[in-house]
Amino acid sequence: MFPYTALAHPNIAFVKYWGNRDNGLRLPANGSISMNLEGLVTRTTVRFDASLPAERVNINGKIAGNAAHQRVVSLVDEVRLMARINHFAWVESENNFPSGAGIASSAAAFAALALAAAKAARLDLDEAALSRLARHGSGSACRSIPGGFVEWAAGTGDTDSYAVSIASPEYWNLVDCIVVISTDPKPTGSSEGHALAGTSPLQSARVDDAPRRLDICRNAILNRDFAAFAEIVEEDSSLMHAVMMTSHPPLYYWQPATLAVMQAVRAARAKGMPVCYTIDAGSNVHAICTGASVGETAKLLGSITGVREVRLSNVGGPARLVENPTTNPYEI
Ligand code: DP6
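Conventions adopted
- Residues numbered from 1 in each chain as written.
- Predicted model: local features only at pLDDT ≥ 70, side-chain atom pairs only at ≥ 80, totals over all residues.
- Heavy atoms only, no water.
- Domains from an automatic or database assignment.
- Contact = heavy atoms within 4.5 Å.
- Buried area = accessible area lost by both parts, 1.4 Å probe.
- Phe/Tyr/Trp six-rings, centres within 6.5 Å; stacked < 30°, edge-to-face > 60°.
- Helix = DSSP H or I, 4+ residues; strand = E, 2+ residues; numbered from the N terminus.
- Buried < 20%, exposed > 50% of the residue type's maximum accessible area, 1.4 Å probe, protein only.
- Lys NZ or Arg CZ within 6 Å of the ring centre and 35° of its normal.
- Near = heavy atom within 4 Å.
- Polar contact = N/O pair within 3.5 Å; in protein donor to acceptor, adjacent residues only side chain to side chain.
- Nonpolar A, V, L, I, M, F, W, Y, C, P; charged D, E, K, R; others polar.
- Pairing = 2+ DSSP bridges.
- Axes fitted to C-alpha atoms, helices over the stretch in contact; angles between N-to-C directions.
- Parallel < 35°, antiparallel > 145°, perpendicular 65-115°, else oblique.
- Left-handed = near helix turned anticlockwise from the far one by under 90°.

Trainee: So what's going on with the domain arrangement of the protein? Residues and values would help.
Mentor: As assigned here, the protein comprises domain 1 (4-168) and domain 2 (174-314). Summarising the inter-unit geometry, the C-alpha centres of domain 1 and domain 2 are found 23 Å apart. Taken residue by residue, the interface counts 33 residues in domain 1 and 42 residues in domain 2. Between domain 1 and domain 2, a total of about 2900 Å² is buried, with carbon and sulfur atoms accounting for 65% of that surface.

Trainee: Tell me about the packing of aromatic side chains, and name the residues and values.
Mentor: Within this structure, the stated rule accounts for six aromatic pairs. On the numbers, 4.8 Å between centres and 65° between planes, the contact of Y17 with W152 is edge-to-face. With Y17 in the loop between β2 (11-15) and β3 (20-22) and W152 in strand β10 (residues 149-152), this pair connects stretches of sequence that are 135 residues apart. For the pair formed by Y17 and W152, the shared burial category is buried. Grouping aromatic residues by their ring pairs yields a cluster made of F14, W172, F226 and F229. Between R224 and the ring centre of Y171, over which it is positioned, the NZ or CZ distance is 4.0 Å.

Trainee: Can you explain the site of the ligand? Please cite residues and give values.
Mentor: Taken together, 17 residues sit near the ligand, with R71, S138, G139, S140 and S191 positioned nearest. Between S190 and the ligand, the recorded distance is 3.4 Å, taken from a side-chain N or O atom to an oxygen atom. A total of three residues in the shell around the ligand trace back to one element, the largest contributor, which is helix α4 (residues 190-197). Considering only residue class, the shell around the ligand consists of five nonpolar, seven polar and five charged. Among the domains, domain 1 (4-168) and domain 2 (174-314) are the pair contributing at least three residues each to the shell around the ligand.

Trainee: So what's going on with the sheet that holds strand β13 (residues 275-278)? Which residues, and what values?
Mentor: Taken in spatial order, the four strands line up as β13-β14-β12-β15 in an open sheet, and their pairing is antiparallel. In the strand order of this sheet, the two ends are held by β13 and β15 (309-313), each with one partner. Looking at each pair of strands side by side, their axes are set apart by 25° on average, direction ignored. Helix-sheet contacts for helix α7 (residues 226-245) involve β12 (174-180), β13 and β14 (285-290), and the interaxial angle to β13 is about 20°.

Trainee: For the packing of helix α2 (residues 106-120) against helix α3 (residues 127-137), give the residues involved together with the corresponding values.
Mentor: For any two helices packed against each other, one specifies the inter-axial angle together with the distance between the axes. Running from N to C, α2 and α3 point in directions that differ by 125°, and their axes come no closer than 8 Å. As summarised for this structure, α2 and α3 are arranged oblique, according to the angle between their axes. Between α2 and α3 the crossing geometry is right-handed. For the pair α2 and α3, contact is made by F110, A111, A114, L115 and A118 and by L130, L133, A134 and G137, respectively. For the contact of α2 with α3, the per-class residue count stands at eight nonpolar, one polar and no charged.

Trainee: Help me get a handle on the sheet that holds strand β11 (residues 163-167), residues and values and all.
Mentor: Across the sheet, four strands lie side by side as β2-β5-β10-β11; this open sheet has antiparallel pairing. Edge positions in the sheet fall to β2 and β11, since each of these pairs with one other strand and no more. Going from strand to strand, the sheet's axes swing by 35° on average, the running direction of each strand aside. Where β2 and strand β5 (residues 32-36) come together, four bridges link them in antiparallel fashion. Note that in β5 the partner of I12 across the bridge is M35.

Pasting the structure below:
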């Protein structure tokens, strides 16, 4: 069968997904809002091939390790079941950013895989169905299917838990300044962390309050209101980290430089610079600023002790097929 190649961007959440109602189906405890990151891309090619003796999964030019292989095969199995085919798949995936850079890659990886695998199996899935499929691979991946600013509704079950675009990439010129503090593998991965969220006495308060944060964040984006946006994004990040730190066992992701960046960002905002921060399950900080202030912001962040690198990304588009796939999937 013909190979298909898809591109997808990772995303950064402003109202975060942390904890599942159902870990298997990745039904989130609360809805979330994010923007796609244009500067970072995963490119994945899938071909179902009757002559293959086994599944073949390559990531960044190497044979995938066992855990990654199994996670890819689970999603490919779902596609095979829907398409009623039984050939093994050949999957090649590559990021244009170093995998050890501490930038979450599973969102882009599973969004690109869902689109390429569905196409390669000749399934005709709409955006919602693709978003649901990507969600089964990695929750945040469902937000990398639509473009621009995206909201993932918690939904009532598997069928209505998917992401939609709430504003196009051009709607608001925001930039994510990704402040790389550590490139070490994180001590506890997201999937393991989600499973611990419910052990924090703070998780129920965080989840109950999520509709309020989602409303404020969505309106701030739609009104391009940076002051309101900054306040809710930082509050949401702190709420998630409070849950992490009070889980059993507790999860501490911050390094001293993480806090130094948080303080510098808050001080800069107090002086009138449009910048705020959010932190995922790691020590790196995503400083979000307006396009007009990116030069000044990047300069400030780069000068902080402990910061290894600052990578800039504009708002990205949706997951999409590459029209003329080359035979070499490594040429991004
Ligand atoms: C902190 O989507 O990576 O980045 O569903 O287990 O793959 P899995 O988890 P994942 O969790 C993302 C957690 C987060 C917050 C967010 O992106 O909303």
